[in-house]
Amino acid sequence: MQRFVDKNPQSTVLASCYSVSMDLATLNGFHYCTTNGAGVQWYPEVPSGSKTANASPPLDTSLASTMGGSYPVNHSLEQKGEAAHTIPEECERLFCDALSAIFLGERLSRQELLGVDASLTQINNADGEHSRIQMWVEVLDYTTDAIYRGFVTDTNGERTLFVFLMETAVGHGLKSGLIALFELASVPAFGCSQIIACVPRSKDGSELESVRNLGWCGFSLTTLEQFGARNGNCLSNRWLFLSAEA
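Note that the structure is a prediction, hence the values are computed from the model and not measured.

### With respect to the overall build of the chain
Counting its secondary structure elements, the chain contains six helices and nine strands. For the chain, the residues scored as buried account for 48% of the 246 residues in total. Looking at the chain alone, contacts between residues at least 24 apart form 61% of all its contacts between residues at least 6 apart. Surface accessibility of the chain: about 12000 Å² in total, with carbon and sulfur atoms responsible for 51%.

### Considering helix 2 (residues 97-104)
Structural remark: α-helix, 3.6 residues per turn; residues separated by three or four positions point the same way. With seven of eight residues buried, helix 2 lies mostly within the body of the structure. Buried residues of helix 2: Ala-98, Leu-99, Ser-100, Ala-101, Ile-102, Phe-103 and Leu-104, and no others. Note on helix 2: the residue one or two positions beyond its end, Gly-105, has a positive phi of about 105°.

### Structural notes on the nonpolar core
Formed by 35 residues in total, the largest nonpolar core has its most connected members in Phe-95, Leu-99, Phe-103, Trp-136, Phe-162 and Leu-224. Those elements that place two or more of their residues in this core are strand 1 (13-21), strand 2 (27-35), helix 1 (77-92), helix 2, strand 4 (132-141), strand 6 (158-164), strand 7 (194-200) and strand 9 (239-245). Ranked by residue count, the leading element in this core is helix 2, at five residues. Setting aside its immediate chain neighbours within four residues, Leu-224 contacts Ala-98, Leu-99, Ile-102, Phe-162, Ala-229, Asn-233, Cys-234 and Phe-241. Core analysis: the second largest hydrophobic core is formed by 33 residues, Val-137, Leu-165, Phe-182 and Phe-219 among them.

### Quick word on the packing of aromatic side chains
Counted under the stated rule, the structure contains 14 aromatic pairs. In this structure an aromatic cluster arises from ring pairing among Phe-95, Phe-103, Trp-136, Phe-151, Phe-162, Phe-164, Phe-227 and Trp-239.

### Considering the pattern of salt bridges
Counted by the stated rule, this structure contains three salt bridges. In this structure, Glu-90 and Arg-93 form a salt bridge, with 3.9 Å as the shortest nitrogen-oxygen distance. Measuring nitrogen to oxygen at the nearest pair gives 2.8 Å for the salt bridge that ties Arg-212 to Glu-209. With Arg-212 and Glu-209 both in helix 6 (residues 207-215) and three residues apart, this pair spans about one turn of that helix. On the accessibility criterion, Glu-209 (41% relative accessible area) is partly exposed.

### Remarks on unusual backbone geometry
Of note, Leu-24 is a non-glycine position whose phi angle comes to about 65°, a positive value. Note that Leu-24 resides in the loop between strand 1 and strand 2. Look at Asp-145: it is not a glycine, yet its phi comes out positive at around 65°. Tracing the sequence through the fold places Asp-145 in the loop between strand 4 and strand 5 (146-155).

### Focus: the confidence of the model for the chain
Low pLDDT means the predicted coordinates in that region are not meant to be read closely. Averaged over every residue, the pLDDT of the chain is 76; the share at 70 or more is 68%. A low-confidence stretch, residues 1-8 (pLDDT under 50), is modelled with 32 contacts involving residues beyond four sequence positions or located in other chains. In the model, residues 107-130 has pLDDT below 50 throughout and makes 39 contacts with residues more than four positions away in sequence or in other chains.

### A few points about the environment of Ile-87
Note that Ile-87 resides in helix 1. A relative accessible area of 0% means that Ile-87 is categorised as buried. For the pair formed by Ile-87 and Leu-27, sequence separation is 60 residues and the distance between their alpha carbons is 9.9 Å.

### Some details on the pairing of strand 2
Counting buried positions along strand 2 gives seven out of nine residues, so the element sits mostly inside the fold. Bridge analysis of strand 1 against strand 2 gives seven bridges, and the strand direction is antiparallel. In the sheet register, Ser-19 faces strand 2, and the bridge partner there is Asn-28. With antiparallel pairing between neighbouring strands as the criterion, strand 1 and strand 2 make up a hairpin whose turn holds five residues, including Leu-24 at a positive phi of roughly 65°. Sheet topology places strand 2 next to strand 3 (residues 39-44); six bridges connect them, and they run antiparallel. From the neighbouring strand, Thr-34 faces strand 3, where its bridge partner is Val-40.

What counts and how
- Residues numbered from 1 in each chain as written.
- Predicted model: local features only at pLDDT ≥ 70, side-chain atom pairs only at ≥ 80, totals over all residues.
- Heavy atoms only, no water.
- Helix = DSSP H or I, 4+ residues; strand = E, 2+ residues; numbered from the N terminus.
- Buried < 20%, exposed > 50% of the residue type's maximum accessible area, 1.4 Å probe, protein only.
- Contact = heavy atoms within 4.5 Å.
- Areas by Shrake-Rupley, 256 points an atom, 1.4 Å probe, with all protein chains shown as cover.
- Core = buried A, V, L, I, M, F, W, Y, C linked by side-chain atoms within 4.5 Å.
- Phe/Tyr/Trp six-rings, centres within 6.5 Å; stacked < 30°, edge-to-face > 60°.
- Salt bridge = Lys/Arg side-chain N within 4 Å of Asp/Glu carboxyl O.
- pLDDT = per-residue confidence, 0-100.
- Pairing = 2+ DSSP bridges.

Right, here's the structure in full:
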């Protein structure tokens, strides 16, 4: 369990988010935690010794969680560098051909994508119509041990948070994770007006239960047409897309 070292020693970190800029130059951390009189909120991670620590109380690193492949709260330079490359790579592995064509460039096939360096994901088609990925995101939900990966894209000045809901995350229950994701999307550093959940397709139709559950949370089936998808790339053979206002 992670706890804040402040006036309320019972304050608990429920989730952490790490975002990586598209150029891999910036790794930012955010923590979803309980605080005195403020309920549950996302706070930006503040380096130890920072003069702005009152905006985000320093974490007790001796109690920092390492479950689910999470990264220590106070990163060393080596750990930051590793995370800045690992997070984009893990997110890219979840891309289907449709997502690759729209956000990574049509010239990158799925097999090529698995072996390409993360920095090459900045490639866009010559027509300039592809949506730009602003940042890669990894969210660690400590209440369910679930990991959510995704990315933030900007299309015509409107930001969208894409989140991949893997079978393991769906099986743990989505309520606490979805609440954290909705609040994360509204944080100024993200500023997303909508969330698109990517639900894995299955041969037996078991994903329909997840679609119904997400429907109760305001999600509805959508396509990738709003992001400039063409030539049959609006749908995916790997994912069902559901959107909701953030």
